[in-house]
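Breakdown of the fold
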Amino acid sequence: MVEDEVRQAAALKRGLEAEGFAVDVATTGPDGLWLATEQPYDVIVLDVMLPGKNGFKVCAELRAKEIWTPVLMLTAKDGELDEAEALDTGADDFLSKPFSYVVLVARLRALLRRGGAPRPARLRAGRVEFDPAARTCTLGGAAVELTGREASILEYLLRRKGEVVPKAEILDHVWDFAFDGDANVVEVHVSALRRKLGASSIETVRGGGYRVSER
Ligand code: CA
């Protein structure tokens, strides 16, 4: 999230984290551009009015660098010209301020489904099914209660079905940039997921990482 209004940024970060997102905040255009260039984000919320470099310029420069992370731009109220410019500079969607928080989350989820590779609305592997919007999980049709972190790890592994996902990458996506605890926290949560979803639901690939089982 690139937003210079610190209080709003903090409130949005807390809200989005409660929805299971891991959020990094940049408060200037150049910082946002740097983070978006250096880190593999799933989606970017980009304010237009920013110190240092405005949101249009940040978005245009990202696209010029061939970084295609979906961008949701926050434009000024009644700013039709802003909205047109947002789309012209390569933003995927826009929302004018003040916006409804519920709409913001729905738009972000839509961008996640659309962005990069094709992403289905419901994620499945074997008998496990996860609904990213409702954040509900079932095993063979029966509901399974997951904690927020467990759900986020499962979602990330399911989106990468068929691939071995390194532990460090899970840590980067599910915990925020500031987290400097032990990487073993991932193992703890994966063990909890296995207890709930079956020991074979998530495979450990030696020296590699984790992969959801499709059986
Ligand atoms: Ca601003």
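As for its position among the elements, Thr 89 is in the loop between α4 (80-88) and β3 (93-96). Take Thr 89: its relative accessible area is 16%, and that puts it in the buried class. Sequence-wise, Thr 89 and Lys 57 are 32 residues apart; in three dimensions their C-alpha atoms are separated by 7.7 Å. The residues contacting Thr 89, other than those within four sequence positions of it, are Phe 56, Cys 59, Ala 60, Arg 63 and Met 73.

Let us now look at the sheet that holds strand β1 (residues 44-47). Strand order in this open sheet of three strands is β1-β2-β3, and the pairing throughout is parallel. Because the sheet does not close on itself, it has two edges, and the strands there are β1 and β3. Averaged over all neighbouring strand pairs, the angle between strand axes comes to 25°, with direction disregarded. Pairing between strand β2 (residues 71-75) and β3: four bridges, direction parallel. Residue Leu 74 lies in a different strand from β3, and its bridge partner there is Leu 95. Across the sheet, helix α5 (residues 101-114) is in contact with β1, β2 and β3; its angle to β3 comes to roughly 175°.

Note on placement: Arg 109 falls in helix α5. Here Arg 109 sits buried without a salt bridge, and the closest side chain of opposite charge, Glu 19, lies 4.2 Å off (N-O distance). With sequence-adjacent residues up to four places away left out, Arg 109 is seen in contact with Glu 19, Phe 21, Pro 132, Ala 133, Arg 135 and Glu 155.

Moving on, we get to the coordination of the calcium ion. Surrounding the calcium ion are the protein donor atoms Asp 4 (OD), Glu 5 (OE), Asp 47 (OD) and Met 49 (O), which sit 2.1 to 2.7 Å from the metal. Mapping the donors of the calcium ion onto the primary sequence gives the spacing D-E-x41-D-x1-M. Linking Glu 5 in the segment before α1 (6-18) with Met 49 in the loop between β1 and α3 (55-64), this pair joins segments that are 44 residues apart in sequence.

Rules used in this analysis
- Residues numbered from 1 in each chain as written.
- Predicted model: local features only at pLDDT ≥ 70, side-chain atom pairs only at ≥ 80, totals over all residues.
- Heavy atoms only, no water.
- Helix = DSSP H or I, 4+ residues; strand = E, 2+ residues; numbered from the N terminus.
- Buried < 20%, exposed > 50% of the residue type's maximum accessible area, 1.4 Å probe, protein only.
- Contact = heavy atoms within 4.5 Å.
- Pairing = 2+ DSSP bridges.
- Axes fitted to C-alpha atoms, helices over the stretch in contact; angles between N-to-C directions.
- Lys, Arg positive; Asp, Glu negative; His and termini not counted.
- Salt bridge = Lys/Arg side-chain N within 4 Å of Asp/Glu carboxyl O.
- Donors = N, O, S within 2.8 Å, 3.2 Å for Na, K, Ca; no water.

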